[in-house]
Amino acid sequence: MQKLAVLSLAGLGAIAPRAPAQEITVNVGSVAGPTWRADNVTLTYLSPSALRLDVATVQWAGRVAATKLQAHCSTRFVATELRCERGRFSATIPGWGRLQGTLEGAFGNAESWRARLEVPRHGLLATLQQSAADMNLAVRVHGQKAEDLRKLAAAFGQAMPGEFAGNVDLTLRATLGPATTTATLVIDTRSLSYQEPSGRYAAENLAAHGRARWDSGPQRWTVQAQGRGGQVYAEPLFLDFSALPTTAELVALDSKDHWRIEGLHLRQGTAGTLAATGLISKAGLRLESAELAFDASALAPLFATDVQPFLIGTPLDGLTAQGTARGSVSLRSGSLTALTAELSGVALSAGRLGLAVDGLSGQVRWANTGPAPSSLQWRAGSIGRIPLGPSEVSFRAQGRDLELLAPWRQPLLEGAVHVQRLALSKVGLPQLDADFRAVLEPIDLAALCRALDWPVFGGTLGGQLPGLRVQNEVWSIDGALEAQVFDGTVRLENLRAIEPFGVLPRVAADAHMRRIDLETLTGTFSFGRITGRLDGDVEGLRLLEWKPVAFDARFHSTPGDHSRRRISQRAIDNISAIGGGPTGLLSRGFLSIFKDFSYDRMGISCVLRDGRCRMDGIEPAPPHDGQVGYYLVKGRLLPRIDVVGYTREVSWDTLVQQVEAAIASGGPQTQ
């Protein structure tokens, strides 16, 4: 045990009587213990029962703890102790200024003394007891202004920039010895507010309780904390303890190079718990390893508090979740190495990606090395505005690779996508590669159009989905995508989707339609009856956010088609309206007795650029009133009806509205 040292007793023998004659002053010099030191100590015997102590400077742990300390008390000797009773003291405390209070104590020698100080104005009560080489310290500060504590901490080198408001109760108990130190700090806050200058940290009306214990023997920290009310912002997290009270318990060992987390237990109300162990390197506060286990009984508040702040600015910004989940996470060198999760009744919504899933359950397993089979089921979902039916999928995820373990059928729009093979590699990298084959079981085309906010077309869409390649967020189809629609064929070539799940999805393709049955086509969306066959080409189709922004489109009667070609009054009226011509003419006069008419050919073209459609027909029409038009429908036989368009340029939005209005209208009434 280290003994206390009296550094200077030069003045001890210089007992110098002063006036009045009974006053005796002893200059002790400096006195020190293992953790403290007092300089320029002077004892003045005012009388046989009164003593005054003057100390110029008191240092604690190498820092100035008080200056101009002066104590005055009644004294008496009991056995070998000099006791101070009914004393008073004053001292200048860094950060607090001049304090005055009461004092009691007893002094046997430098290794055996005790003192009790109280400053009612600051709610301060401190006891000190030196026993051999150990110093026992107890400090209680109740109802202290947080701002005053900040000043005190700053004076002792623990600067905390910012402004505080509110009150704090603080209790410190410590045993300071030459070999070991133990200390317990208990702190309670009420309505504590804090604003850090940078705005990265703040608190409002914080009610919290904390208890921290340090044991220098095993170098162990034991910390307990409770957030009972108020809010805390610690960039990027916002914790609302009023809505989600939080408790945390931590046991950590402090070594030369690391902090070893022996146990961290976190509970956020009834929403969930987290348990963790790990190893943190002091060099750069680097996480070397961690094992975490979580049990989330309410994902919604946990996602809002703990997950969403870290997704801001990413494609998953705004991701929401509901339901329950439990699982584990392994980290090595700061990187994820394994993950397991069991989901039950989970609902996810990623607005920026346009993805949503509801009723999600199953097990997800992922590992950096080794196979990890997973299985998921869901009740419903959506991609953009396209609804998805219930389905289930089994897959294996390892590292950056993912592969289906069995064919996957996803119902949608009264049909389905039947994925026969899906294998992804280098997921998350620009070199993402995909092996994809699927069959599109006939889906309801009208529902698809409504989902994409397109003009509604009837019929079904089906066909083969050939190989898919993905690179640099560009998804492209090998070869052509063919579908059978309206008793004809639709062929998509050069199909590419750029960032289809990003904030600005873009699609490019060329489309070719052959021998579309017009009677089936027009009969599905109440445009007016037309018989015959139709060919069409849409070159250079460009979609931005799933809406057309450019294409060269041309539709015309199928060459060489010898089927019967008839067109109804309503269809003539609607085509005339789209071409900018008059409507309702056939419902007046003798032509109203004919329900339909023969036609030779029909066709329309549109070149879309910058939101405007440059229109044309199958061939130029003779000038009329100085206007040069184009044939949209060229009639034949009697009574012959030609539909001529004169509008050459029209807003695409207006054209879409005209088509929608034509479909929605009841058409001309024939009397």
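Please read these numbers as outputs of a predicted model, since none were measured by experiment.

Novice: Whenever I open this one, the state of the cysteines confuses me. Can you help?
Specialist: A covalent bond bridging the sulfur atoms of two cysteines is what the word disulfide describes. Summed over the entire model, instances satisfying the criterion amount to 2 disulfides. Between the sulfur atoms of Cys606 and its disulfide partner Cys613 the distance amounts to 1.8 Å. Exposure remark for Cys606: the relative accessible area of 8% places this residue in the buried category. Accessibility expressed as a relative area gives 0% for Cys613, which makes it buried. Along the protein chain, the cysteines that take part in disulfide bonds pair up as 1-2, 3-4, counted in sequence order.

Novice: So what exactly am I meant to see when it comes to the layout of surface pockets here?
Specialist: One way to see where empty space is left: roll a probe the size of a water molecule over the atoms. In this model, the second largest pocket occupies a volume close to 360 Å³. Leu250, Ile261, Leu264, Ile280 and Leu287 are, among the 15 residues lining the second largest pocket, the residues nearest its centre. For the lining of the second largest pocket, the secondary structure elements donating two or more residues are strand E17 (246-254), strand E18 (258-268), strand E19 (272-281) and strand E20 (286-296). Within the lining of the second largest pocket, the residues separate by chemical class into 13 nonpolar, 2 polar and no charged.

Novice: Sorry, what's going on with a nonpolar patch on the surface here?
Specialist: On the surface, Val503, Leu504, Leu544 and Val549 cluster together into a nonpolar patch covering about 290 Å² of accessible area. Judged by relative accessible area, which is 49%, Val503 ranks as partly exposed.

Novice: Could you clarify how one ought to interpret the nonpolar core in this entry?
Specialist: If you look at soluble globular proteins, the nonpolar side chains tend to sit buried side by side. Counting 92 residues, the largest nonpolar core has Val419, Ile530, Phe551, Ile567 and Ile575 as its most contacted members. Once residues within four sequence positions are removed from consideration, Val419 is found in contact with Leu404, Pro407, Trp408, Phe436, Arg437 and Ala438. Within the second largest apolar cluster, 45 residues are counted, among which are Val31, Val139, Tyr194 and Ala208.

Novice: Explanation requested: the side chain of Ser598 in the structure shown.
Specialist: Structurally, the position occupied by Ser598 is in strand E41 (residues 596-609). At a separation of 2.4 Å, a polar atom in the side chain of Ser598 contacts the side chain of Arg566.

Novice: Is there a simple way to explain the packing of aromatic side chains in this structure?
Specialist: To describe a pair of aromatic rings, one takes the distance between the centres and the angle between the planes. Applying the stated criterion across every chain yields a total of 4 aromatic pairs. Look at Trp214 and Trp221: their rings are 5.1 Å apart centre to centre, the planes differ by 35°, and that puts the pair in the tilted class. Trp221 gets classed as partly exposed once you look at its relative accessible area, which sits at 35%. Directly above the ring of Trp259 sits Lys282, whose terminal nitrogen or CZ lies 4.9 Å from the centroid. One cation-aromatic arrangement involves Lys634 over Tyr631; the distance from NZ or CZ to the ring centre is 5.2 Å.

Novice: Explanation requested: empty space enclosed by the protein in the structure shown.
Specialist: In the structure shown here, the tally under the stated rule is 1 cavity of 30 Å³ or more. Estimated volume of the largest cavity: approximately 40 Å³. Lining of the largest cavity is provided by Leu239, Asp240, Phe241, Leu244, Thr246, Gln268 and Thr305. Counted by class, the lining of the largest cavity contains 3 nonpolar, 3 polar and 1 charged residues.

Novice: Where do I start with the pattern of salt bridges in this structure?
Specialist: If charged atoms from side chains of opposite charge come close, those side chains can pair. Counted under the stated rule, the structure contains 32 salt bridges. Glu291 is the salt-bridge partner of Arg332, the closest N and O atoms lying 2.8 Å from each other. Taken as a pair, Arg332 in strand E21 (residues 320-332) and Glu291 in strand E20 lie far apart in primary sequence, 41 residues in all. By relative accessible area, Arg332 is classed as partly exposed at 38%. For Arg491, the salt bridge goes to Glu493, with nearest N and O atoms at 2.7 Å. What you see here is one network of salt bridges that share partners, running through Arg396, Glu403, Arg421, Asp435 and Arg437.

Reading the values: the criteria
- Residues numbered from 1 in each chain as written.
- Predicted model: local features only at pLDDT ≥ 70, side-chain atom pairs only at ≥ 80, totals over all residues.
- Heavy atoms only, no water.
- Disulfide = S-S within 2.5 Å.
- Buried < 20%, exposed > 50% of the residue type's maximum accessible area, 1.4 Å probe, protein only.
- 1 Å grid on protein atoms, 1.4 Å probe; cavity = no way out; pocket = protein on both sides within 12 Å on 5 of 7 lines; lining within 4 Å.
- Points joined across faces, edges and corners; volume = space filled by probe spheres on them.
- Helix = DSSP H or I, 4+ residues; strand = E, 2+ residues; numbered from the N terminus.
- Nonpolar A, V, L, I, M, F, W, Y, C, P; charged D, E, K, R; others polar.
- Patch = residues over 30% accessible without salt bridge, like charges linked within 9 Å, V, L, I, M, F, W, Y side chains within 5 Å.
- Areas by Shrake-Rupley, 256 points an atom, 1.4 Å probe, with all protein chains shown as cover.
- Salt bridge = Lys/Arg side-chain N within 4 Å of Asp/Glu carboxyl O.
- Core = buried A, V, L, I, M, F, W, Y, C linked by side-chain atoms within 4.5 Å.
- Contact = heavy atoms within 4.5 Å.
- Polar contact = N/O pair within 3.5 Å; in protein donor to acceptor, adjacent residues only side chain to side chain.
- Phe/Tyr/Trp six-rings, centres within 6.5 Å; stacked < 30°, edge-to-face > 60°.
- Lys NZ or Arg CZ within 6 Å of the ring centre and 35° of its normal.

In short, the description is geometric, and any link to function would need to be established separately.
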